[in-house]
Amino acid sequence: MTTFDYIVVGAGTAGCLIANRLSIDPSKKVLLLEAGPTDHYHWIHIPVGYLYCIGNTKVDWCYQTEPDKGLNDRTLRYPRGKTLGGCSSINGMIYMRGQARDYDQWATILQDPSWKWDEVLPFFKIHEDHYLGQNFWHGAKNEWASRLTPDAQSWYDYLKNKGAGHEWRVEKQRLSWKILDAFSLAAQQFGINATPDFNQGNNQGVAYFSVNQKKGWRWNTAKAFLSAEVKRRPNLTVWTEAQATQLLFENIPQPDNHHPNFTPHSKQKLRCTGLVVQHQKQLVKVSAKHEVVLTAGSIGSTQLLQLSGIGPAPLLQQYGIPLVLDLPGVGENLQDHLQIRTVFKVKNTLTLNTLANSWWGKLKIGIEYLLNRSGPMSMAPSQLGAFTKSDPTQPYANLQYHVQPLSLNAFGEPLHSFPALTASVCNLNPTSRGRVQIKSANFKDAPAISPHYLSTEQDRQVAADSLRLTRQIMQQTALSAFEPEEYKPGVQFQTDEELARLAGDIATTIFHPVGTTKMGLATDPMAVVDSRLNVHGVLGLRIADAGVMPTITSGNTNSPTLMIAEKAAFWIHQDAEQSAKRIE
C-alpha cells in the first residue's frame, strides 16, 4: 500500500487549489486523484467550447436528475466536470462571490465568526488576480494584498514566501452586443441601477459579468493551480482516470491527543486511514498519514461517503453496505439555482442565432477569435447580468439574470433560426430542498439526484413574479427599437398558477448544486461537517467543496467554492503545525 501525508479526492475547482497549497511544503507527500482525464481536450480551453463539453462523456459525468414533480415530471441533464479542473473546465466562467449576507448567515448558523463576510473576503483575494489590480475588494498578481485579517495575513505571507498566491485570473469580457447594451439600459429604466462590480458584498445592479479567462482563453483551476512547475514538485502525485471507490477506516479506542483535530471533548471513535482507488483498471489501496480531503463536489463526495458506509443508515442497509457511521444528513439539503429561460424574438439587430447560422458568419467568428481572441468564440455562456428583487417587499436582491444574445431549446441543441434574446432568471435563495442518494453499492452506478425544484409555495411565487418582472423590463423604451416579441413562455400565460406551471416546463438547472454535506453544529443531526470542515465523528477526514455550504450563495458558486478550499488549506496547514508542536 502506497502512503501519502494527504490524499485529495477530486481534481476539480477545490481539489486543484488544495493540492497546490498542501504540496508547497516539500516535506509533505500529496496525492491528487481525478476520475476523469487530463484537461487536454481542446474545447475546454476555447470559451465557447462549453457547448461541446456539456453532455460530452469525455469531460462530463453526464448525470440526469430523477423525474421532478416541480418540473412537471421532467428530468434534466445535470453536468458535472470529469477532467482536471472539474466544473471549472466546463462551466460558464463567471466570477461571482455572492452577497455578504450569505456568509454572515453561515457564521450565525455555525456560531463561528470566521465565516462572516469580512473574514472570508480576504480568502477570495489571496488567490485572485483581478484585471483592475489590487484594491480593497480585489487581489492582483505582483501587488501586495491589503487589509487582510490576521489569519488571512499569516496564510498570505506563507504562500508569498513560497511563490504562491494570485493564480485565479479574473478579466473583463472581450466583446459586447448592441442588444445586451439595450437590455442593460432597459433594466436601468425599470429601476435596476448600473453597478461597477458585482463582488463587493451587495451584487444588486446590472453589468457585464467578469469572467475567469486569460487573454481570451478559459482559465480553469488546473491551469491556475496545477501549472507545469507545480506538477514537477517531487512530493505531488497526480493520478488521472483514478476513481475513488471506498474510504477506509479504523476504530480507535479513544481520541488521539496528537491528532490536530483533537479537543478535550472530542467524541470521535473512527479515523479515516485511506481509500480504495480504481486506477489503470486496477483496484489499489492508498493510505493517508494525516488527512483525506474530499473535493469531489456535492454529487461525488456524497456518493463516496455513502458507498463507504457513512450516511443515512436505512439507505445503506437497503443496498447491503456495512454501516460505518450513521450520518443522516449525507445527501440531504441539496440546493440549486433553477433558471427560467425566457426567449424574446427581436428585430433590427444582430444576434448569435443569425450570425452562426451561415457559413460566412461562422468564418467571421473563427477569424476574429484566431486573430484577436475576441468575438463570439470568447463568449461566456452569459455575458450580461442583473440582480434585483422579485417584488418590492423583498429585503434584498433575490433574483439573478443571465442575459444572452442567442436562444436555443436547451444546451447541446441547435440555435434557433430567428434573431433572439434569452433572459434567464433564477431564484437566488430557493427554499426547496432535494437529495442525492446512491442507487446501488456499485461505484460505477450514478446516484439518484432529486433536486425537488419548485416544491414550496414560496419558490413557485418567486418564479411567477420573476416572469412578470422580465416582461416589464422587456417593455421599456430602450428595447422598443428591437420590437421584442415573447416567444417563450408566451403572453397567453398570465396567472400565478399558469406562470409557476410554465416555469416547471421551461426551467433548467444553472449547474449550482450545493449543500449535500453541509456544515453545522454537532447538535444539528443533519450536519455532516463542522465549521472547520472536519466530518463529524471521524478523524482525518475533511470535506472542502460546495457540498459543505449550509445555504446556497446568492450567485454563481464556483468562486465561493475556491474560497472554501483556500480556508480549508489554511486550516489543514495550521492543524499540522499545531500537531507538530505538541509532538515536540
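Here the structure is a predicted model, which means the values were calculated and not measured. (Residues numbered from 1 in each chain as written. Predicted model: local features only at pLDDT ≥ 70, side-chain atom pairs only at ≥ 80, totals over all residues. Heavy atoms only, no water.)

Trainee: Whenever I open this one, the overall build of the protein confuses me. Can you help?
Mentor: Along the backbone of the protein there are 16 helices and 26 strands. The C-alpha radius of gyration of the protein comes to 23 Å, within 12% of the 25 Å expected for a compact globule of 584 residues. Taken along its principal axes, the extent of the C-alpha atoms in the protein is 75 × 50 × 45 Å. Per-residue burial over the protein gives 63% buried out of 584 residues. Approximately 22400 Å² of the protein is accessible, and the part contributed by carbon and sulfur atoms is 51%. Looking at the protein, you have 56 positive and 51 negative side-chain charges, and the mean spots of the two groups are 5 Å apart. (Helix = DSSP H or I, 4+ residues; strand = E, 2+ residues; numbered from the N terminus. Rg over C-alpha atoms; globule rule 2.2 N^0.38 Å. Buried < 20%, exposed > 50% of the residue type's maximum accessible area, 1.4 Å probe, protein only. Areas by Shrake-Rupley, 256 points an atom, 1.4 Å probe, with all protein chains shown as cover. Lys, Arg positive; Asp, Glu negative; His and termini not counted. Charge placed at Lys NZ, Arg CZ, Asp CG, Glu CD.)

Trainee: Looking at this structure, how should I read the nonpolar core?
Mentor: Within soluble globular proteins, side chains that are nonpolar tend to cluster in buried spots. Within the largest apolar cluster, 90 residues are counted, with the highest numbers of intra-cluster contacts made by Ile7, Trp115, Leu275, Val292, Leu533 and Leu541. Looking at which element gives the most residues to this core, the answer is helix 16 (residues 558–583), with 10 residues. Counting residues in hydrophobic clusters, the runner-up holds 67 residues, among them Cys53, Val59, Phe344 and Ala386. (Core = buried A, V, L, I, M, F, W, Y, C linked by side-chain atoms within 4.5 Å.)

Trainee: Where do I start with the side chain of Asp68 in this structure?
Mentor: Inspection of the secondary structure puts Asp68 in the loop between strand 3 (63–64) and strand 4 (77–78). Looking at Asp68, its side chain comes within polar contact range of the main-chain nitrogen of Tyr453, at 3.3 Å. Apart from the residues lying within four places of it in its own chain, the contact partners of Asp68 are Asp73, Arg74, Pro451, His452 and Tyr453. (Polar contact = N/O pair within 3.5 Å; in protein donor to acceptor, adjacent residues only side chain to side chain. Contact = heavy atoms within 4.5 Å.)

Trainee: How should the side chain of Asn212 be read in this particular structure?
Mentor: Structurally, Asn212 can be placed in the loop between strand 8 (210–211) and strand 9 (213–214). Contacts of Asn212, omitting those with residues within four sequence positions, involve Met93, Ile94, Tyr95, Trp168, Arg169, Val170, Trp217, Arg218, Trp219, Asn558 and Ser559.

Trainee: Explanation requested: the state of the cysteines in the structure shown.
Mentor: Throughout the structure, instances matching the rule amount to zero disulfides. Take Cys53: it sits in no disulfide, and the sulfur closest to it among the cysteines is that of Cys62, at 11 Å. With no disulfide of its own, Cys426 lies 17 Å from the sulfur of Cys87, the closest cysteine sulfur. (Disulfide = S-S within 2.5 Å.)

Trainee: Even after reading the chapter, I still don't get the packing of helix 7 (residues 178–190) against helix 14 (residues 457–474), so can you show me in this structure?
Mentor: Relative to each other, helix 7 and helix 14 sit at 110°, their axes nearing to 8 Å. Compared by their axis directions, helix 7 and helix 14 come out roughly perpendicular. Contact residues: helix 7 offers Phe183, Ala186, Ala187 and Phe190, while helix 14 offers Leu469, Gln472, Ile473 and Met474. Its residues assigned to classes, the contact of helix 7 with helix 14 comprises seven nonpolar, one polar and no charged. (Axes fitted to C-alpha atoms, helices over the stretch in contact; angles between N-to-C directions. Parallel < 35°, antiparallel > 145°, perpendicular 65-115°, else oblique. Nonpolar A, V, L, I, M, F, W, Y, C, P; charged D, E, K, R; others polar.)

Trainee: I keep staring at helix 4 (residues 100–110) and nothing clicks. Help me out?
Mentor: Each α-helix winds once per 3.6 residues, and so residues spaced three or four apart point in a common direction. All of the buried residues along helix 4 are Ala100, Arg101, Asp102, Tyr103, Trp106, Ala107 and Leu110. Looking one or two residues past helix 4, Gln111 carries a phi angle of roughly 55°, positive in sign.

Trainee: Any chance you could explain a nonpolar patch on the surface here in plain terms?
Mentor: A cluster of nonpolar side chains, namely Trp360, Leu363, Ile367, Leu370 and Leu371, defines an oily patch on the protein surface of about 600 Å² accessible area. Under the relative-accessibility criterion, Ile367 is labelled partly exposed at 40%. (Patch = residues over 30% accessible without salt bridge, like charges linked within 9 Å, V, L, I, M, F, W, Y side chains within 5 Å. Salt bridge = Lys/Arg side-chain N within 4 Å of Asp/Glu carboxyl O.)

What is shown is where atoms sit, not what they do.
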